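# Working through the structure, step by step
Read off the chains here:
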Amino acid sequence: MTLNKETLKIFKLLGKYDTPTVCNALELLDPNYRNQGYTKKEFFCLNKSLPPIIGFVRTAKIFSNIRKKAMNLNQKLKYYRYMADEKLPKICIIEDTNINPVGCFWGEVQANIHKNLGFKGIITNGAIRDINDIPNNFQMLSRSVLPSHSYLQLLNIGKTVKVNGQKFKHNDIVHADHHGVVRIDPQYLKQLPLAIKHIVKNEKPILDLCKSKKFTLKKLEKILTIKQDHH
């Protein structure tokens, strides 16, 4: 996917809708999205009031441990150079290979660095810390919150990772909020705004009825009979 004005315009539009709405629209375009393409385990969300984030994925895989072995300077520099490459709206997705993470890669320092490298937020099945000191408008979805970074080893960068039941690779396009993450197949990106418009239009009569004082089962059945692509 080439980043251009049209893509940025679509990103901006998709950022106005929550991830479940994007999932609904993707299901409309491709029924396979009903059981694939999205995370299937709950995240801890740093700030549920932040708007959804959308961007191109950058990946890394780590191992957190209590042994005295950690990333060296060359590994850190290689990591940052990879993350800094290309001026794009980016989202960092890191897989912690521990069954139970014991340390945090993410905290105040890493969040500030990555925000300045063009990242909208991070997604990890590992842990985060410094949750009161994260920069504004930087989202973090994680498995847990822990106090220490312990000893962290960098296993690889730029390769496919698996986080909360979903695989992600370099340059994937993802949309995320406190509900979770969905990967957007580039072939559907241009069709998504219209599909979302259709979803919203389709839901409106049902929601309007539910919020009114004139709700009856008969009226609901009438709407559902007319609309065949409802929930």
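Here the structure is a predicted model, which means the values were calculated and not measured.

It is worth spelling out the pairing of strand β13 (residues 180-184) at this point. Counting buried positions along β13 yields 4 of 5 residues, so the element is predominantly enclosed. For strand β12 (residues 173-177) and β13, the ladder comprises 5 bridges, and the chain directions are antiparallel. For H175, the partnering residue across the bridge sits in β13 and is V182. Counting the residues that bridge the hairpin from β12 to β13 gives 2 residues.

So, about unusual backbone geometry. Positive phi outside glycine occurs at D130, with the angle close to 55 degrees. Along the chain, D130 falls in the loop between β6 (127-128) and β7 (139-142). You can call D130 partly exposed: its relative accessible area is 30%. A positive phi angle is found at S150, which is not glycine, with a value near 55 degrees. Mapping S150 onto the fold places it in the loop between β8 (144-145) and β9 (151-157). By relative accessible area, which is 18% here, S150 ends up buried.

Before going further, it helps to spend a moment on a positive patch on the surface. Positive charge collects at one region of the surface, where K40, K41, R143, K162 and K167 lie side by side. Along the polypeptide, K167 turns up in strand β11 (residues 166-168).

With that out of the way, let us pick up the pairing of β7. Of the two faces of β7, the one holding Q139 and L141 and the one holding M140 and S142 are both buried throughout. As judged from the 2 bridges shared by strand β1 (residues 44-45) and β7, these two strands associate in the antiparallel manner. The partner of F44 across the bridge, within β7, is S142.

What follows is about the sheet that holds β6. If you walk across this open sheet you meet the 3 strands as β4-β6-β8, and the pairing is parallel. This sheet does not close on itself; its edge strands, each paired only once, are β4 (104-106) and β8.

Another aspect to go through is the packing of aromatic side chains. Scanning the entire structure with this criterion turns up 5 aromatic pairs. Consider the rings of Y33 and Y188, whose centres lie 6.3 Å apart with planes at 70 degrees: the pair is edge-to-face. Separated by 155 residues along the polypeptide, Y33 in the loop between α2 (19-29) and β1 and Y188 in helix α5 (residues 186-189) bring together distant segments of the chain. Y33 gets classed as buried once you look at its relative accessible area, which sits at 7%. Of the residues examined, Y188 reaches a relative accessible area of 11% and is grouped as buried. Relative to F105, the ring of Y79 has its centre 5.5 Å away and its plane inclined at 70 degrees; by these criteria the two rings are edge-to-face. Of this pair, Y79 sits in helix α3 (residues 73-84) while F105 sits in strand β4; the two residues are 26 residues apart in sequence, bridging distant segments of the chain. This pair shows no difference in class: Y79 is buried, exactly as F105 is. Members of the aromatic cluster, connected to one another through ring pairs, are Y79, Y80, F105 and W106. It is K40 that lies over the ring of Y38; its NZ or CZ is 4.4 Å from the centre.

What follows deals with helix α4 (residues 108-116). For an α-helix, the turn length of 3.6 residues means that residues three or four places apart are oriented alike. Buried within α4 we find Q110, A111 and H114. In an axial view of α4, the angular spread of the buried residues amounts to 100 degrees, which keeps them on one side of the axis. Residues of α4 that are exposed and point more than 90 degrees away from the buried face comprise V109 and N116. Looking at the packing, one finds that the buried side of α4 touches α3, β3 (90-96), β4 and β5 (119-124). In the segment just after α4, G118 is the residue with positive phi, at about 100 degrees.

Below, the discussion takes up the pattern of salt bridges. Opposite charge on two side chains makes pairing possible when the charged atoms of those side chains draw close. Counted by the stated rule, this structure contains 7 salt bridges. Measuring nitrogen to oxygen at the nearest pair gives 3.1 Å for the salt bridge that ties E86 to R58. Of this pair, E86 sits in the loop between α3 and β3 while R58 sits in strand β2 (residues 53-65), and the two are 28 residues apart along the sequence. Given a relative accessible area of 40%, E86 falls into the partly exposed group.

Reading guide: rules and limits
- Residues numbered from 1 in each chain as written.
- Predicted model: local features only at pLDDT ≥ 70, side-chain atom pairs only at ≥ 80, totals over all residues.
- Heavy atoms only, no water.
- Buried < 20%, exposed > 50% of the residue type's maximum accessible area, 1.4 Å probe, protein only.
- Helix = DSSP H or I, 4+ residues; strand = E, 2+ residues; numbered from the N terminus.
- Pairing = 2+ DSSP bridges.
- Patch = residues over 30% accessible without salt bridge, like charges linked within 9 Å, V, L, I, M, F, W, Y side chains within 5 Å.
- Areas by Shrake-Rupley, 256 points an atom, 1.4 Å probe, with all protein chains shown as cover.
- Salt bridge = Lys/Arg side-chain N within 4 Å of Asp/Glu carboxyl O.
- Lys, Arg positive; Asp, Glu negative; His and termini not counted.
- Charge placed at Lys NZ, Arg CZ, Asp CG, Glu CD.
- Phe/Tyr/Trp six-rings, centres within 6.5 Å; stacked < 30°, edge-to-face > 60°.
- Lys NZ or Arg CZ within 6 Å of the ring centre and 35° of its normal.
- Arc of directions from axis to C-beta.
- Contact = heavy atoms within 4.5 Å.

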